[in-house]
Amino acid sequence: HLVAQTDKTWSGQQQTLIDKLPAIQNVNPFVAMQLELQRAFGLRMKEAALLKPHMADKGNYLAVNWGTKGGRDRVIPIQSDYQRDVLARAKAILTNPINSMIPNEYNFIQWRNHYY
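The text that follows walks through the structure, step by step, so that each part is easy to find. (Residues numbered from 1 in each chain as written. Predicted model: local features only at pLDDT ≥ 70, side-chain atom pairs only at ≥ 80, totals over all residues. Heavy atoms only, no water.)

1. As for the packing of helix H2 (residues 29-41) against helix H6 (residues 108-115)
(1) Moving on: Between H2 and H6, the least distance of the axes is 11 Å, while the angle of their chain directions is 85 degrees. Accordingly, the angle class assigned to the pair H2 and H6 is roughly perpendicular. Of the residues in H6, those touching H2 at Phe30, Val31, Gln34, Leu35 and Gln38 are Trp111, His114 and Tyr115.
(2) Moving on: Of the residues belonging to the contact of H2 with H6, the class tally is five nonpolar, three polar and no charged. (Axes fitted to C-alpha atoms, helices over the stretch in contact; angles between N-to-C directions. Helix = DSSP H or I, 4+ residues; strand = E, 2+ residues; numbered from the N terminus. Parallel < 35°, antiparallel > 145°, perpendicular 65-115°, else oblique. Contact = heavy atoms within 4.5 Å. Nonpolar A, V, L, I, M, F, W, Y, C, P; charged D, E, K, R; others polar.)

Okay, here's the thing in structure tokens:
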């Protein structure tokens, strides 16, 4: 058969990101953190990967300046404790505050391939 016989999506298997995060975290904490950033702030994959959380955190909003569509900066209000918690954990995962969410041993293309 060339057509899938069952739905392999998370939602098709009655799974959510919250259900999957612990397993993803065990395999790669950077992928898990980027998924949480995407969920918390509505970021695209490239925005989450290129985000520099220490520099983007402006107190009551997140300044997304890297990887945006059309190169246009975005401002995302920080409105919940969940968003603040995700941002704090994203900062904690980085050893250097000027780094993006891409691990040091990868360039963007390599990281994108690994992530997907």
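2. Details of H6
(1) Moving on: Among the residues of H6, Phe108, Trp111 and Tyr115 are the ones counted as buried. Looking straight down H6, one finds its buried side chains confined to an arc of 65 degrees; they lie on one side.
(2) Moving on: N-capping of H6 is provided by Asn107, with a side-chain oxygen placed 3.0 Å from the backbone N of Ile109. (Buried < 20%, exposed > 50% of the residue type's maximum accessible area, 1.4 Å probe, protein only. Arc of directions from axis to C-beta. Polar contact = N/O pair within 3.5 Å; in protein donor to acceptor, adjacent residues only side chain to side chain.)

Everything listed here is a matter of geometry and, on its own, says nothing about what the molecule does.
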